[in-house]
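In case you want the letters, here they are:
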Amino acid sequence: AVTAGAICNIFIFGGIAIVGIGDVFIGQYYGAGRTQKIGEILWQMIWFCLGLAVFFNAIAHFMTPHLYPIDQALLAHTYFSWQMGFGFLPVMVAALTSFFVGTKRFGFALAAVIIASLVKLVLVFPLVFGIGGIWAGLGVRGAILATALSQMVHIVVLGLRVSNKSNRHRFGSL
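Caption draft 1: Region of interest: the overall build of the protein. Secondary structure assignment for the protein yields seven helices and two strands. Listing every helix and strand of the protein by position from the N terminus yields α-α-α-α-α-β-β-α-α. Dimensions of the protein, computed from the C-alpha atoms along their principal axes, are close to 55 × 35 × 20 Å. Evaluated residue by residue, the protein yields a buried proportion of 40% over its 174 residues. Here the contacts in the protein between residues at least 6 apart in sequence split such that 72% fall between residues at least 24 apart. Looking at the protein as shown, the accessible area adds up to about 9,300 Å², and 72% of this sits on carbon and sulfur atoms.

Caption draft 2: Spatial organisation of the packing of helix H1 (residues 2-31) against helix H4 (residues 88-102). Relative to each other, H1 and H4 sit at 20 degrees, their axes nearing to 8 Å. Classified by the interaxial angle, the pair formed by H1 and H4 is roughly parallel. Considering how the two elements wind past one another, H1 and H4 form a crossing that is right-handed. Side by side, H1 and H4 meet where Ile12, Gly15, Ile16, Val19, Asp23, Ile26, Gly27 and Tyr30 of the first sit next to Pro90, Val91, Ala94, Ala95, Ser98, Phe99, Val101 and Gly102 of the second.

Caption draft 3: A look at the side chain of Gln83. When you line up the elements, Gln83 lands in helix H3 (residues 74-85). On the basis of relative accessible area, Gln83 is assigned to the buried category, the value being 16%. In this structure, Gln83 is in contact with Cys8, Ile12 and Ile144, ignoring residues within four places of it in sequence.

Caption draft 4: Highlighting a nonpolar patch on the surface. Among the surface-exposed residues, Leu110, Val113, Ile114, Leu118, Leu121, Phe125 and Phe129 lie close enough to one another that they form a single nonpolar patch of about 730 Å² accessible area. Checked against the element boundaries, Leu121 lands in helix H5 (residues 106-129). By relative accessible area, which is 52% here, Leu121 ends up exposed.

Rules used in this analysis
Residues numbered from 1 in each chain as written. Predicted model: local features only at pLDDT ≥ 70, side-chain atom pairs only at ≥ 80, totals over all residues. Heavy atoms only, no water. Helix = DSSP H or I, 4+ residues; strand = E, 2+ residues; numbered from the N terminus. Buried < 20%, exposed > 50% of the residue type's maximum accessible area, 1.4 Å probe, protein only. Contact = heavy atoms within 4.5 Å. Areas by Shrake-Rupley, 256 points an atom, 1.4 Å probe, with all protein chains shown as cover. Axes fitted to C-alpha atoms, helices over the stretch in contact; angles between N-to-C directions. Parallel < 35°, antiparallel > 145°, perpendicular 65-115°, else oblique. Left-handed = near helix turned anticlockwise from the far one by under 90°. Patch = residues over 30% accessible without salt bridge, like charges linked within 9 Å, V, L, I, M, F, W, Y side chains within 5 Å. Salt bridge = Lys/Arg side-chain N within 4 Å of Asp/Glu carboxyl O.

Bear in mind that shape data such as this cannot, by itself, settle questions of function.
Structure representation (C-alpha cells):
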C-alpha cells in the first residue's frame, strides 16, 4: 500500500502545485486593486479540479487492475483505487484556500481546516474500526472515506464563504 500511496501522491501533489500558482495571481490582482478579476482565476482552478476528477477516476478505474492485481495485492488495489477516486478533493481544497490566502484572509482558511479536521477525527475511528456490534469497520476504505468526507466538508465551508454575496460583488467569485 505504500507504493500505491506514493503513486497517488504524485498526481495529487502535482494538482496542488498547479492550483497553488493561482494564489499568486489572486494575490497580484488583490494587491493591484483589480479584485473583480479574482473570480476568473478561481473559476479556472475549479474547472481544472473538475477535470482532474474525471482524469483521476479514469486512472482509478482503468489503471488499478494493471498496477495492483486484486489477487496479488488486495490492500494496495483497494487503497489505490479509492485514493485516486477521491484524489481531486485535496486539490479542490487547495484551489479554494488560495482564494483566502491571495486575499489575505488566513483566519477563515485556518478555521475551515480546523472544522474539516474535527470532522475527520469524529469519522475515522468508526469508519476504520467499526462500532462494536453495530457497524463493521471498513479498514483502509474507511480511512480514505473519512478523509474524503472531511475534505468535502472543507470544500463546502470554503465554497459557502467564497460564494457569499459580499465576495460575489467584490471579487466576482460567482
